[in-house]
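Descriptive analysis of the structure
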Amino acid sequence: MPYDFTNKVAVVTGASRGIGLAVARQLSAYGAKVCVNYKSSKERAEEAVRELNTAGGEAMAVQADVSDQSQAQQLIQQAESQLGPIDFLVNNAGIFDVAAHDEFDEQMWHRTMKINVDGVFYCSWAVKDAMVARGYGRIVNIASIAGLEAKPYAIAYATSKAAVVGFTRSLGQALAADNVRVNAVAPGLIDTEILADCDQAWLDRLIDITPSKRIGQADEVARMVSFLLSDESDFTVGQTLVLSGGRVNLP
Ligand code: NAP
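Anyway, here's the lowdown on the structure attached to this text. These figures come from a predicted structure and were not determined experimentally. (Residues numbered from 1 in each chain as written. Predicted model: local features only at pLDDT ≥ 70, side-chain atom pairs only at ≥ 80, totals over all residues. Heavy atoms only, no water.)

Looking now at the overall build of the chain. The helix and strand inventory of the chain stands at 7 helices and 7 strands. Over its C-alpha atoms the chain spans a radius of gyration of 17 Å, differing by no more than 12% from the 18 Å that the globule rule assigns to 251 residues. Taking the principal axes of its C-alpha atoms as reference, the chain extends roughly 45 × 40 × 35 Å. Buried positions account for 53% of the 251 residues belonging to the chain. For the chain, the share of sequence-separated contacts (at least 6 apart) that also reach a separation of at least 24 residues comes to 75%. Roughly 11,600 Å² of accessible area belongs to the chain as shown, and the carbon and sulfur atoms make up 48% of that amount. (Helix = DSSP H or I, 4+ residues; strand = E, 2+ residues; numbered from the N terminus. Rg over C-alpha atoms; globule rule 2.2 N^0.38 Å. Buried < 20%, exposed > 50% of the residue type's maximum accessible area, 1.4 Å probe, protein only. Contact = heavy atoms within 4.5 Å. Areas by Shrake-Rupley, 256 points an atom, 1.4 Å probe, with all protein chains shown as cover.)

Have a look at this one:
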């Protein structure tokens with residue numbers, strides 16, 4: 001076991017499937033008690049909890065729309081009252097819309113910002129004061145390479161993820177002295193249902209320009225998240241680690 005998260009309490013937003021589910025599985029396998037948040041996929045979240053508990057873990061599912069502040073607060077309160085004080089928050093819930101500049105409107109813009117940006121803020125604010133008071137906490141935000149480079153076909157999404165990168169940087173500095181570490185992961189293309197509506201030829205072109213010549217797997221993101229939650233990354237603060245098969249290279 002690379003990390004021992006025994007007795008740590010983790011909340012993973014959007015963990016009914018995809019990257020969030022992979023993170024929940026990994027944290028549970030390393031001993032953490034895990035709150036699996038979902039918005040609509042009740043059966044899948046409950047199935048995930050059954051799977052984790054059957055494997056010897058302690059998990060629970062909580063329905064909450066993270067873009068609603070009171071629901072985000074209730075999510076954290078429910079997790080805390082059943083599992084204990086929150087050690088790890090993984091802000092993973094997010095949506096992705098592909099649309100050219102003349103195809104998207106104000107409604108799509110606000111929907112993306114509400115979930116991808118406000119949701120990260122609401123959940124972080126619901127945990128941070130208790131983390132500061134305890135002198136321990138780890139927050140990992142799932143950004144995207146879209147937040148690091150131009151995405152003319154996904155302007156709202158790219159802007160939302162750039163906001164997550166900026167939020168991570170600033171909150172990371174604000175809380176570091178209290179031993180609350182905030183970092184982010186910026187994945188490239190990862191094989192999940194978020195890509196279900198994307199044109200396959202377009203995805204193939206993206207894979208072709210990826211030096212590794214493949215799509216990433218949710219487990220690979222989960223491994224980086226576990227690293228950032230662990231003490232192995234103790235001197236890493238406010239950073240966004242890129243996981244894109246070489247497609248994006250930061251200076
Ligand atoms: P996914 O398979 O579509 O899963 C999205 C998850 O987010 C689901 O569990 C969904 O819950 C949840 N969710 C959506 N809106 C929510 C809300 N308002 N409140 C609570 N939960 C909500 O997507 P994914 O690929 O795993 O993406 C996870 C994160 O990684 C996102 O932030 C995404 O932007 C980021 N990312 C993904 C890729 C990629 O290529 N896959 C690349 C870079 C970054 P329900 O099932 O209940 O709706």
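Inspection of the entire model under this criterion finds 9 aromatic pairs. Seen in terms of ring centroids, Phe 121 and Tyr 122 are 5.8 Å apart; in terms of plane orientation they differ by 50°. Their pairing is tilted. Taking relative accessible area as the criterion, Tyr 122 reaches 13% and is therefore assigned buried. Taking 4.7 Å as the distance between ring centres and 40° as the angle between the ring planes, the aromatic pair formed by Phe 121 and Trp 125 counts as tilted. With Phe 121 and Trp 125 both in helix 4 (residues 106-134) and 4 residues apart, this pair spans about one turn of that helix. Look at Phe 121 and you get partly exposed, because its relative accessible area is 31%. In this structure an aromatic cluster arises from ring pairing among Tyr 3, Phe 5, Tyr 30 and Phe 88. Here Lys 8 stacks its cationic end above the ring of Tyr 136, 4.5 Å away from the centre of that ring. Across from the ring centre of Trp 125, 4.8 Å away, lies the NZ or CZ of Lys 128, which sits over that ring. (Phe/Tyr/Trp six-rings, centres within 6.5 Å; stacked < 30°, edge-to-face > 60°. Lys NZ or Arg CZ within 6 Å of the ring centre and 35° of its normal.)

This part is about the site of the ligand. The full set close to the ligand counts 31 residues, and Ser 16, Ser 40, Ser 41, Tyr 157 and Thr 192 are the nearest of them. Interatomic distance of 2.5 Å between a side-chain N/O atom of Ser 41 and an oxygen atom of the ligand. For the ligand, an oxygen atom lies 2.9 Å from a polar atom in the side chain of Lys 161. About the coverage of the ligand: the protein hides 96% of its 900 Å² of free accessible area. Because more than half of its atoms lie within 2 Å of the grid, the ligand is assigned to the largest pocket. Where the shell around the ligand is concerned, the elements lending two or more residues are helix 1 (18-29), strand 2 (33-38) and helix 5 (155-175). Class assignment of the residues belonging to the shell around the ligand gives a composition of 15 nonpolar, 11 polar and 5 charged. (Near = heavy atom within 4 Å. Polar contact = N/O pair within 3.5 Å; in protein donor to acceptor, adjacent residues only side chain to side chain. 1 Å grid on protein atoms, 1.4 Å probe; cavity = no way out; pocket = protein on both sides within 12 Å on 5 of 7 lines; lining within 4 Å. Sits in = over half its atoms within 2 Å of the grid points. Nonpolar A, V, L, I, M, F, W, Y, C, P; charged D, E, K, R; others polar.)

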